[in-house]
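Remarks on the overall topology
These are the residues of each chain, in order.
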Amino acid sequence: MISKSTIFAAWLASSAYAFSPLQIQQYRFDSYRTTRNDATTGITKSNLPSLVNDAFSYNLYKKMKTALATATSSEAADLLNPTFVSSKQMATPTVAAVPKLAQRWRKSTKQVATLGPASSSKEMIEKLFLAGADVFRLNFSHGAQEQKKELLILIREIEEKYSHPIAILGDLQGPKLRVGEFSDPGGVYLKQGQTFRLDLDSAHGDDTRVMLPHPEIIEASEVGHVLLVDDGKVKLTVTGKGEGYLDCRVDVEGKISNRKGVNTPDSVLDISPLTPKDRSDLEYMLEIGVDWVALSFVQRPEDIEEIHRLIDEKLPDGSFKPAVMAKIEKPSCFVGNALHEIVRLCDGIMVARGDLGVECAPEDVPLLQKQIIDESREQGKPVVVATQMLESMIDSPTPTRAEASDVATAIYDGADAIMLSAESAAGKYPEESVAMQQRIINRVESDAHYRNVLAQNQPSPKNTPTDAIITAAKQISDTIKAKSIVCFSLRGSTVLRAAKGRPGVPILGISPFKETARQLAISWGVYPELPQTGSYFSNIVEEELFDYDNSISEEATDDFNLVLRNACRAALKKGLVSDPDDLLVVTAGIPFGTPGAANVIRVVPAAGPSCWDGQCRID
């Protein structure tokens, strides 16, 4: 005969099932009277399922934990066997309970992985997710639209499998400014000091001139302005200007060939950041339901206003509006108050160091990166650092030391997320690249200096009740050593304000909208939950809570205790708590359903709102 205490102690000790069975009915210790706390009652395998479905009291839990010390290996063997557990119809363990993924949920800085030929299968996408990817980028510069939809479907299937929100970022190509073609297909070599003309003549070029099919560049350029060809390999300075042409001096010599790109660091071009291709791609993104849209070639705040207008115009009825991310890659973004306004108007920022590194001096890029991150943090907008982070891992299984330092620097700077481009899209080692980023994240975030840096660079809270509540929640969590801050939020604004303060504990973001949960997946320190759409968890049984294929719409409830109980349930499912005595700091807005409102703060033990300091109220 196996004692009840020994069996449950064995289960609690199981690394594979954490708090199983049925997550101890989500800590409903307070629903069982102390008269049934007999820890010596014998049970067998035959009556185990019915006992598993009982909700044991807090005191019994304490006895179970004590009994662990006396449990023999033979008694626990069957119970630690996954086959035996599944045969008894135990609850499927969540991803947070799987030992391999324990560290997966212990990082604050998020990871964005670009999908491409090397990572287009479901098996590889799942590997990247398990290795640490929180957001998948679909680059609309390459491939057909239909391919992006196929990838989106695969991502949603993986999201469903692990009951964890995954964000999808659709990246628009933007205008591509290029020279025309040459008579010699191999191109020409321009020598330093020579004069070279760029004009609108469609005739093939030679070593004296070539077509520049962009009149807006000719119009915006002035004498003394610099033009960079082929990512800066050739540098031209404008010496003269006429109707439909620019005369330039070659300052950095080199070879120039057909259709090479042109960058204009000194000019703000009178063109839209959205080409006809981009408009078609954007409409397709809205149709398939991406969570974020990244806008390239942002020059001024008006560009963000333009894409918002277009999204509002093209968004299908009943669809959730995606968040807009501005890619900062033009020097004009730093003129006057432009950066502040761009950050204010968009939902997130990407430090696109590719073109930014071409159009700005290399020594300026690290400073600009810090400036962008600081401005984004000050306004509480998520910021992603991208481009060439682990470039050598396209062909090598390990990065250079300089690349590892670059990734670490972005984390120390306070970035919400770091991104992989060709490393995960077309490289030989996509999974290893994502895993390496996670290793660097874990190492940096375990450094005491990292917390000191974040503490010294705290954005000032605004004069609002919500900011006051979030600031208090952070202070309370530090004082009582809480395991998590739990934020209930409709559209994510309260969660973003919590992330802005970079608390020392995870932020559990709970929203009635799965689209909001997905958008929050890119934010620092946020563990979004994936509930049923429109539900505040009040009248749902456990099996339905994460059934987002059959979503329901439910009116908000004022039963705050019920909401708190489900907050504890969500924290357990994410693996953020490991003991009924663990404390959570919960913020919410009453009445529920008020956007941006946070006016309630509660400290709740993981055992539920009815328990405190080892005692549970019996209703």
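Refer to the structure above for everything that follows.
Below is a short write-up of the structure. Remember, it's a predicted structure, so these values are computed and weren't measured experimentally.

Along its length, the protein carries 23 helices and 25 strands. By the burial criterion, 57% of the 619 residues in the protein qualify as buried. Within the protein, contacts between residues at least 6 apart in sequence are counted, and of these 70% link residues at least 24 apart. Put simply, the protein shows about 25,200 Å² of open surface, and 50% of that area lies on carbon and sulfur atoms.

This next bit is on the environment of Ile 342. Turning to its location among the elements, Ile 342 is positioned in helix H12 (residues 338-345). Overall, Ile 342 belongs to the buried group, its relative accessible area being 0%. With 41 residues separating them in the primary sequence, Ile 342 and Pro 301 have C-alpha atoms 4.8 Å apart. Beyond its immediate stretch of four places on either side in the chain, Ile 342 contacts Val 298, Arg 300, Pro 301, Ile 304, Ala 326, Ile 328, Cys 333 and Ile 349.

Before going further, it helps to examine helix H19 (residues 465-480). Counted at 1.5 Å a residue, the expected span for H19 with its 16 residues is 22 Å, and the 22 Å between its end C-alpha atoms agrees. Here the buried face of H19 lies against strand E19 (484-488), helix H20 (493-500), strand E22 (583-588) and strand E23 (600-605). A positive backbone phi angle near 60° is found at Lys 481, which sits one or two residues after H19.

What follows covers the nonpolar core. The biggest cluster of nonpolar side chains holds 72 residues, and the ones touching the most others in it are Phe 136, Ile 307, Ile 349 and Ile 372. It is helix H8 (residues 145-162) that provides the largest number of residues to this core, a total of 6 residues. Those residues within four positions of Phe 136 in sequence are excluded, and the remaining contacts are Ala 113, Leu 115, Ile 125, Leu 128, Phe 129, Ile 155, Ile 166, Ala 167, Ile 168 and Leu 169. Listed in part, the 24 residues of the second largest apolar core include Phe 196, Leu 227, Val 234 and Phe 297.

As a packed pair, H8 and helix H10 (residues 276-288) sit with axes 11 Å apart at the nearest point and diverge in direction by 25°. Between H8 and H10, the crossing angle belongs to the class labelled roughly parallel. The handedness of the crossing between H8 and H10 is right-handed. Here Gln 145, Glu 146, Lys 149 and Leu 152 of H8 come into contact with H10, specifically with Ser 280, Asp 281, Tyr 284 and Ile 288. Across the contact of H8 with H10, the residue classes break down as 3 nonpolar, 2 polar and 3 charged.

On to the sheet that holds strand E15 (residues 323-328). In space, the 8 strands of this closed barrel follow the order E3-E4-E5-E14-E15-E16-E17-E18, with parallel pairing throughout. When strand polarity is set aside, the average angle formed by the axes of neighbouring strands in this sheet is 25°. Here strand E14 (residues 292-295) pairs with E15 via 4 bridges, running parallel. When the bridges of E15 are listed, Trp 292 appears paired with Ala 323. Docked against the sheet, helix H7 (residues 122-131) engages strand E3 (110-115) and strand E4 (135-139), running at close to 165° with respect to E3.

Within a beta sheet, neighbouring strands are joined by backbone hydrogen bonds and run either parallel or antiparallel to one another. Spatially, E8-E7-E11-E10-E9-E13 is the arrangement adopted by the 6 strands of the open sheet, whose pairing is mixed. Among the strands making up the open sheet, the edge pair consists of strand E8 (209-211) and strand E13 (262-263). Sheet analysis places strand E9 (residues 226-229) next to strand E10 (residues 234-242), joined by 4 bridges and oriented antiparallel. For Val 229, the partnering residue across the bridge sits in E10 and is Val 234.

Once that is clear, we can look at the pairing of E14. A regular strand places its side chains so that they alternate between the two faces of the sheet. Because side chains alternate across E14, one face comprises the buried residues Trp 292 and Ala 294, and the other comprises Val 293 and Leu 295, equally buried. In this sheet, E14 lies alongside strand E5 (residues 167-171) in parallel orientation, the contact comprising 3 bridges. Its bridge partner being in E14, Asp 171 is matched across the sheet by Ala 294. Between the parallel pair E14 and E15, the chain is carried across by helix H11 (residues 301-314), and the sense of this crossover is right-handed.

Tallied over the full model, the rule gives 25 salt bridges. Arg 156 serves as the salt-bridge partner of Glu 159, at 3.7 Å between the closest nitrogen and oxygen. Note that Glu 159 and Arg 156 are positioned in helix H8 at a spacing of 3 residues, about one turn of the helix. The exposure class assigned to Glu 159 is buried, which follows from its relative accessible area of 1%.

Moving on to the packing of aromatic side chains. Two aromatic rings are characterised by how far apart their centres lie and by the angle between their planes. For the structure shown, the criterion picks out 3 aromatic pairs. Measuring from ring centre to ring centre gives 5.3 Å for Phe 129 and Tyr 162, while their planes differ by 45°; the resulting arrangement is tilted. You can see Phe 129 sitting in helix H7 and its partner Tyr 162 sitting in helix H8, a full 33 residues away along the chain. Each member of the pair, Phe 129 together with Tyr 162, is buried. Taking 6.0 Å as the distance between ring centres and 50° as the angle between the ring planes, the aromatic pair formed by Phe 320 and Phe 513 counts as tilted. Here Phe 320, found in the loop between H11 and E15, pairs with Phe 513, found in the loop between strand E20 (507-510) and helix H21 (514-520); they are 193 residues apart in sequence, far enough to count as distant. Against the face of Phe 140 rests Lys 148, its NZ or CZ located 5.5 Å from the ring centre.

Now for the state of the cysteines. For the coordinates displayed, the defined rule picks out 0 disulfides. Among the cysteines around Cys 333, which has no disulfide bond, Cys 360 carries the closest sulfur, lying 9.2 Å off.

Turning our attention to unusual backbone geometry. Apart from glycine, the bulk of residues carry a negative phi angle, and the bulk of peptide bonds sit in the trans form. With a phi angle near 60°, Phe 297 is a residue other than glycine that sits in the positive phi range. Tracing the backbone shows Phe 297 in the loop between E14 and H11. One non-glycine residue, Thr 387, adopts positive backbone phi at about 85°. Here Thr 387 lies in the loop between strand E17 (383-386) and helix H15 (401-413). For Thr 387, a relative accessible area of 19% puts it in the buried group.

A few words on H8. End to end, H8 covers 26 Å across 18 residues, agreeing with the expected 26 Å (1.5 Å per residue, within 8%). Within H8 the residues assigned to the buried category are Lys 148, Leu 151, Leu 152, Leu 154, Ile 155, Arg 156, Ile 158, Glu 159 and Tyr 162. Taken together, the buried residues of H8 touch E3, H7, E4, E5, H10 and H21. Note on H8: the residue one or two positions beyond its end, Ser 163, has a positive phi of about 50°.

Next up on the list: the packing of H15 against helix H17 (residues 430-445). Here H15 crosses H17 at 50°, and the two axes come no closer than 10 Å. As far as their axial angle goes, H17 and H15 are oblique. Here H15 and H17 pass one another in a crossing that is right-handed. In this structure, H15 contributes Ala 404, Val 407, Ala 408, Ile 411 and Tyr 412 to the contact, and H17 contributes Ile 440, Ile 441, Val 444 and Glu 445.

The rules behind each value
In this numbering scheme, every chain counts its residues from 1 along its sequence in written order. Totals for whole chains, interfaces and linings use every residue, but because this is a predicted model, local features are given only for residues with pLDDT of at least 70 and side-chain atom pairs only at 80 or more, for both listing and counting. Only heavy atoms go into the side-chain values, all of them from the structure, while hydrogens and water stay out. Labels follow the DSSP assignment, with helices taken as runs of H or I lasting at least four residues and strands as runs of E lasting at least two, numbered in each case from the N terminus. A simple rule labels every residue: compare its accessible area, found with a 1.4 Å probe on the protein chains alone, to the largest value its type can have, and call it buried under 20%, exposed over 50%, or partly exposed in between. Contact definition: two residues touch when any of their heavy atoms are within 4.5 Å. Under the convention used here, a 1.4 Å probe and the Shrake-Rupley method define accessible areas, while residue burial counts only the protein chains that appear. Expected helix span is taken as 1.5 Å per residue step, with the number of steps being one fewer than the number of residues. Nine residue types can take part in a nonpolar core, namely buried Ala, Val, Leu, Ile, Met, Phe, Trp, Tyr and Cys, and a core is a set of them joined through side-chain atoms within 4.5 Å. Fitted lines through C-alpha atoms serve as axes, helices being fitted only where they are in contact, and the angles separating the N-to-C directions of these axes extend from 0 to 180 degrees. By definition in this entry, angles of less than 35 degrees are roughly parallel, angles greater than 145 are roughly antiparallel, angles of 65 to 115 are roughly perpendicular, and the rest are oblique. Whether a crossing is left-handed or right-handed is set by the direction in which the near helix is turned from the far one by less than a right angle, anticlockwise for left-handed and clockwise for right-handed. Three residue categories are used. Nonpolar comprises Ala, Val, Leu, Ile, Met, Phe, Trp, Tyr, Cys and Pro, charged comprises Asp, Glu, Lys and Arg, and polar comprises the others, including Gly. Any two strands between which DSSP finds at least two bridges are classified as paired. Here is how to tell: hold the view so the strands point away, follow the path from the first strand over the helix to the second, and if it runs clockwise the crossover is right-handed. Salt bridge, as used here: a side-chain nitrogen of Lys or Arg that lies within 4 Å of a carboxyl oxygen of Asp or Glu. Working definition: a ring pair exists when centres of Phe, Tyr or Trp rings (six-membered ring for Trp) sit within 6.5 Å. Plane angles under 30 degrees give stacked, over 60 give edge-to-face, the rest tilted. Definition used: whenever NZ (Lys) or CZ (Arg) falls within 6 Å of the ring centre and also within 35 degrees of the ring normal, the charge is taken to sit over that ring. In plain terms, two cysteine sulfur atoms within 2.5 Å form what is called a disulfide here.

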